[in-house]
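What the coordinates show
Each chain is listed here by its residues.
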Amino acid sequence: MKLPLQQTWDLEVIFSGGSESEELQQAMVQLEKDMQVLHETLKQFPVIETTEDVHKLAANTLDMQDISARAHEVGSFIGCLTSQNVKDKKAIQLTGRVQSLRAQLVTLNTLFDEKWSAMNDELWQQYISLPDMKGIQFPLNERRDWAREKLSPEQEALIGDLSIDGYHAWGELYNRIVSQIRIEVEDNGAQLQLSAGQAHNRLSHPEREVREETFKLWEQAWSEQADFCAESLNRIGGFRLKLYEHRGWDNVLKEPLAINRMSTDTLNAMWDTIVKNKPAFVKYLERKAKLLGVERLSWCDVDAPIGSTQSKIGYDEGAQMIVEQFNKFSEKMAQFSVHAFENGWIEVEDRAGKRPGGFCTGLPVSKQTRIFMTYAGTPSNVSTLAHELGHGYHQFVMDDLPEMAQNYAMNVAETASTFAEMIVADSAVKQAKDEDEKLSLIEDKIQRSVAFFMNIHARFLFETRFYEERRKGLLSVEQLNELMEEAQKEAYCDSLSSYHPHFWASKLHFYLTGVPFYNFPYTFGYLFSTGLYARAQEEGTTFAAKYDDLLRDTGSMTVEDLAQKHLGVDLTQADFWQSAIDVTVQDIEQFLAMTDNKDAVK
């Protein structure tokens, strides 16, 4: 790998000129024209009645996949622009145009849904048996069934149009709120103005005083914006509930479960098994409190590193570590990562003006991905980088599939990313130079388990209860704080001394209008990947090809069928989930043994 690596991504190869790009403008104009042409074409034969109509619809389906890929490319590019600079007003304006394009896409999709749901079974079988349709039979059948669960095509199209300046606008308002967050801290005698993303990195600082002070300022900053956040969250929730009511859906989990191709039985089996195993994680939290010299951990102690202050891991060093460890599992995965590092696919520079968090976004026309995060040299940053590269590799192995067959759900997306994290974390533990480093790395692994089993569980409990209460009316900031703190206490088995009542305001995931319940899929992905990793350890290097095959199937199967085909397990039963949790409990047992007689850290 060629060093040093650049720390900012290259967007010019996608559309040159950033938010002022003429290429981008032309691409959006062409998209609008092509969508209009396809819209008119579909209107010319309202009902599929003949074999000739079937062949026409198949050709239109290919056109639709091409349009969807180009719309995704444009949307991803503009998302990158707004993330790298939250004050790029032109990019923010372009976001509105992207929402308009997406609404037109919804209208087009609704037209297809109308035709698919109205086709008789004989013509439908002809259609999905055509050579160009065989590779997308699963998503086609899925779309047809789902269309029959919704309102009339005309109503769904109207909802999509009205969502631009309604539903989606509330999500965009939240992004604007985040861009205004500034947290002033003192660092080595200097006063710094930190963005939300930069401040969040300090919440896992090795020095407790820094964590506590930053957390105090963090809570204060979000409390000052809480009224605006509450308004946004209430309106997003109210829109969803009213839409579900008109569709005749009484379960708020119906849509997120369908999106994730996952059954209620699987979701319940997963959470029930986690809850039964939480006592082991409480023991870990209690031991960590002892090591930090406190009676009980506060909210900002949970992610604190154990041991002496760790030296920073330079970006180049972190990248080399990831590539080396990926290569032990899959040469193909390592080569993909080297390509991403060397070709400007990754934005990690630690600077003000960036949005918080990290993501990986696909560019299906260019057959590239872009990874975004803020890298400050912590072990957690290295994990995040490996995580996002896992997302990128998932897309990479699917690049040659039809566009509709590449639409995998969030839960299996999180499987690929978390699997990549595990490769790095496990290898790092095995290569630790001494006991202190080994302890630190094991503890870092356990922190992730706590995040998925407790933090994510708190988010799930909060969101479930938020919708229950939202049916009755708008919730105040105080009510939202109370719901959040109650959920955190339950999820952490009331083992902490303090909680984060404004977490609902600070977490972007609650405000995403594309996907509801952006929480439980993370935990599914973590545990499913843990089971996969255990299988990889058993089978050795031969598992890499099987892993690629599983990833390629993620856009064409339910998770239950995926697990049965590639692992031979039943996700609706506790057995698989328990076997995966057992792997994480082993880390806790090792941690407890290593710290049995250890004094509190200085």
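Refer to the structure above for everything that follows.
So, a few notes on the structure that sits alongside this text. (Residues numbered from 1 in each chain as written. Predicted model: local features only at pLDDT ≥ 70, side-chain atom pairs only at ≥ 80, totals over all residues. Heavy atoms only, no water.)

Overview of the overall build of the protein chain
- When you go through the protein chain residue by residue, the secondary structure sums to 23 helices and 5 strands.
- Taking 25 Å as the expected radius of gyration for a compact globule of 602 residues, we find that the protein chain reaches 24 Å, a close match to that expectation.
- Residues counted as buried form 56% of the 602 residues belonging to the protein chain.
- Contacts in the protein chain between residues far apart in sequence, at least 24 positions, make up 76% of those at least 6 positions apart.
- Of the side chains in the protein chain, 61 bear a positive and 92 a negative charge, and the two mean positions are spaced by 1 Å. (Helix = DSSP H or I, 4+ residues; strand = E, 2+ residues; numbered from the N terminus. Rg over C-alpha atoms; globule rule 2.2 N^0.38 Å. Buried < 20%, exposed > 50% of the residue type's maximum accessible area, 1.4 Å probe, protein only. Contact = heavy atoms within 4.5 Å. Lys, Arg positive; Asp, Glu negative; His and termini not counted. Charge placed at Lys NZ, Arg CZ, Asp CG, Glu CD.)

What to know about the nonpolar core
- Grouped together as the largest cluster of nonpolar side chains are 193 residues, with contacts concentrated most on Y127 and W504.
- When residues in this core are grouped by element, the largest group, 15 residues, is from helix 17 (residues 435-470).
- Beyond its immediate chain neighbours, meaning those up to four positions away, Y127 contacts V54, L57, A58, T61, W116, M119, M133 and L140. (Core = buried A, V, L, I, M, F, W, Y, C linked by side-chain atoms within 4.5 Å.)

Describing unusual backbone geometry
- A cis geometry characterises the amide bond from L3 onward to P4, with omega recorded as 0 degrees.
- With respect to the helices and strands, P4 occurs in the segment before helix 1 (22-44).
- One non-glycine residue, K367, adopts positive backbone phi at about 55 degrees.
- Within the secondary structure, K367 is located in the loop between strand 4 (359-363) and strand 5 (368-372).
- Non-glycine residue D494 carries a positive phi angle of around 50 degrees.

Re the pattern of salt bridges
- Inspection of every chain in the model, using the stated rule, returns 31 salt bridges.
- Residue R247 is joined to E156 by a salt bridge in which the shortest nitrogen-to-oxygen separation is 2.8 Å. Remark: E156 occurs in helix 6 (residues 153-163) and R247 occurs in helix 9 (residues 208-247); sequence separation between them is 91 residues.
- Here D400 and R552 are joined by a salt bridge, their closest N and O atoms 2.7 Å apart. Taken together, the positions of D400 in the loop between helix 15 (379-398) and helix 16 (410-430) and R552 in helix 21 (residues 543-553) put the pair 152 residues apart, joining distant regions of the chain.
- Owing to a relative accessible area of 57%, D400 belongs among the exposed residues under this scheme. (Salt bridge = Lys/Arg side-chain N within 4 Å of Asp/Glu carboxyl O.)

Things to note about the pairing of strand 4
- Of all the 5 residues making up strand 4, 4 are buried; the element is thus mostly covered by neighbouring parts of the structure.
- Two strands pair when backbone bridges link them, and strand 4 and strand 5 are joined in this way by 5 bridges, in the antiparallel orientation. Bridge pairing in strand 5 links L363 to Q368.
- Count of turn residues in the strand 4/strand 5 antiparallel hairpin: 4 residues, of which K367 carries a positive phi of about 55 degrees. (Pairing = 2+ DSSP bridges.)

Regarding the packing of helix 3 (residues 89-118) against helix 6
- The interhelical angle for the contact between helix 3 and helix 6, taken along N-to-C directions, is 170 degrees, at an axis separation of 8 Å. As far as their axial angle goes, helix 6 and helix 3 are roughly antiparallel. Contacts between helix 3 and helix 6 involve A103, V106, T107, T110 and E114 on the former and, on the latter, P153, E154, E156, A157, G160 and D161.
- Across the contact of helix 3 with helix 6, the residue classes break down as 4 nonpolar, 3 polar and 4 charged. (Axes fitted to C-alpha atoms, helices over the stretch in contact; angles between N-to-C directions. Parallel < 35°, antiparallel > 145°, perpendicular 65-115°, else oblique. Nonpolar A, V, L, I, M, F, W, Y, C, P; charged D, E, K, R; others polar.)

Topic: the packing of aromatic side chains
- Under the criterion given, the structure shown has 42 aromatic pairs.
- Between F281 and F453, the ring centres sit 5.1 Å apart and the planes meet at 85 degrees, which makes this aromatic pair edge-to-face. Of this pair, F281 sits in helix 12 (residues 278-292) while F453 sits in helix 17, and the two are 172 residues apart along the sequence. Per residue, the accessibility class of F281 equals that of F453, and both read buried.
- Taking 6.1 Å as the distance between ring centres and 90 degrees as the angle between the ring planes, the aromatic pair formed by F460 and F520 counts as edge-to-face. On the criterion of sequence distance, the pair formed by F460 in helix 17 and F520 in helix 20 (residues 520-539) is long-range, its members being 60 residues apart. With respect to burial, F460 and F520 carry one shared label: buried.
- One aromatic cluster is present, built from ring pairs that chain together W271, W299, F460, F462, F466, Y467, Y492, F503, F510, F517 and F520.
- The residue whose ring lies beneath K115 is F45, and the NZ or CZ to ring-centre distance is 5.1 Å.
- Of note, K354 hangs over the ring of F372, and the distance from its end group to the ring centre comes to 4.9 Å. (Phe/Tyr/Trp six-rings, centres within 6.5 Å; stacked < 30°, edge-to-face > 60°. Lys NZ or Arg CZ within 6 Å of the ring centre and 35° of its normal.)

Regarding the sheet that holds strand 3 (residues 346-347)
- On the basis of which strands lie adjacent, the open sheet formed by 3 strands has the order 3-5-4 and mixed pairing. Bordering the open sheet on either side are strand 3 and strand 4, each of which pairs with just one other strand.

Quick look at helix 11 (residues 264-276)
- When the terminal C-alpha atoms of helix 11 are compared, their 18 Å separation across 13 residues agrees well with the 18 Å that a helix rising 1.5 Å per residue should span.
- Those residues of helix 11 that sit buried are T266, L267, A269, M270, W271, T273 and I274.
- The inward-facing, buried residues of helix 11 contact helix 10 (254-259), helix 12, helix 17, helix 20, helix 22 (559-567) and helix 23 (574-594). (Expected span 1.5 Å × (residues − 1).)

Examining the packing of helix 1 against helix 3
- Two elements in contact, helix 1 and helix 3, have axes whose closest approach is 11 Å; the angle formed by their N-to-C orientations is 20 degrees. The angle between helix 1 and helix 3 falls in the class roughly parallel. Crossing geometry of helix 1 relative to helix 3 is assigned as left-handed. When helix 1 is examined against helix 3, the residues L24, Q25, M28, V29, L31, E32, M35, L38, H39, L42 and K43 are found in contact with a partner set consisting of K90, L94, R97, V98, L101, Q104, L105, T107, L108, L111, F112 and K115.
- For the contact of helix 1 with helix 3, a count of residues per class yields 14 nonpolar, 4 polar and 5 charged. (Left-handed = near helix turned anticlockwise from the far one by under 90°.)

Some points on the environment of M454
- Summarising the element assignment, M454 is placed in helix 17.
- For the pair M454 and A491, spaced 37 residues apart in sequence, the C-alpha separation works out to 5.0 Å.
- Once residues within four sequence positions are removed from consideration, M454 is found in contact with K278, F281, V282, L285, S449, A491 and Y492.

A few points about the side chain of R202
- Along the polypeptide, R202 turns up in helix 8 (residues 196-202).
- Classification of R202 by relative accessible area gives buried; the value is 16%.
- A polar contact is formed between the side chain of R202 and the side chain of T214, at a distance of 3.4 Å.
- The contacts of R202, once residues within four sequence positions are left out, are V185, E186, D187, L194, V210, R211 and T214. (Polar contact = N/O pair within 3.5 Å; in protein donor to acceptor, adjacent residues only side chain to side chain.)

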